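Fold and contact review
Listed here are the chains, written in short residue letters.
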Amino acid sequence: MPIYEYRCENGHTFEVRQRMTDDPVASCQTCDAPVRRVFHPVAVHFKGSGFYNTDYGKAKRGAASSESSSSDGKSSDGKSSDG
């Protein structure tokens, strides 16, 4: 069962262990003021290669750039390959 954190309007913070199907707590355990559930950001750690755009297709990207420079109809000596 998950543990949910709640905070009341008066600043009291408490945790409640309850099922996901249970109704949320409506009042503070200390002062009976209305409460809201506190959400915390989840820590995500990306480890390894392949998480950035620059990590994909390094070999293809290098080969494509060399092919595009030589595929304009001219050979490496600057003459046209049409004949």
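The present account deals with the structure reproduced in this document. Just so it is clear, the structure is predicted and the values come from calculations on it, not from any experiment.

Overview of the sheet that holds strand β3 (residues 35-38)
Strand pairing in a sheet is mediated by backbone hydrogen bonds. Such pairs are either parallel or antiparallel. Strand order in this open sheet of three strands is β2-β1-β3, and the pairing throughout is antiparallel. Each of the sheet's edge strands pairs with one partner strand only, and the pair in question is β2 (13-17) and β3. Here the strands of the sheet are splayed against their neighbours by 35° on average, with no regard to which way each runs. With five bridges joining them, strand β1 (residues 3-8) and β2 adopt antiparallel strand pairing. Its bridge partner being in β2, Ile-3 is matched across the sheet by Arg-17.

A look at the state of the cysteines
Under the counting rule described, the total for this entry stands at zero disulfides. The structure places no disulfide on Cys-8, whose sulfur is separated from the nearest cysteine sulfur, that of Cys-31, by 3.9 Å. Judged by its relative accessible area of 6%, Cys-8 is buried. Cys-31 takes part in no disulfide bond, and the closest cysteine sulfur to it belongs to Cys-28, at a distance of 3.8 Å. The exposure class of Cys-31 is partly exposed, given its relative accessible area of 29%.

About the criteria used
Residues numbered from 1 in each chain as written. Predicted model: local features only at pLDDT ≥ 70, side-chain atom pairs only at ≥ 80, totals over all residues. Heavy atoms only, no water. Pairing = 2+ DSSP bridges. Helix = DSSP H or I, 4+ residues; strand = E, 2+ residues; numbered from the N terminus. Axes fitted to C-alpha atoms, helices over the stretch in contact; angles between N-to-C directions. Disulfide = S-S within 2.5 Å. Buried < 20%, exposed > 50% of the residue type's maximum accessible area, 1.4 Å probe, protein only.

Just geometry here; none of it tells us what the structure is for.
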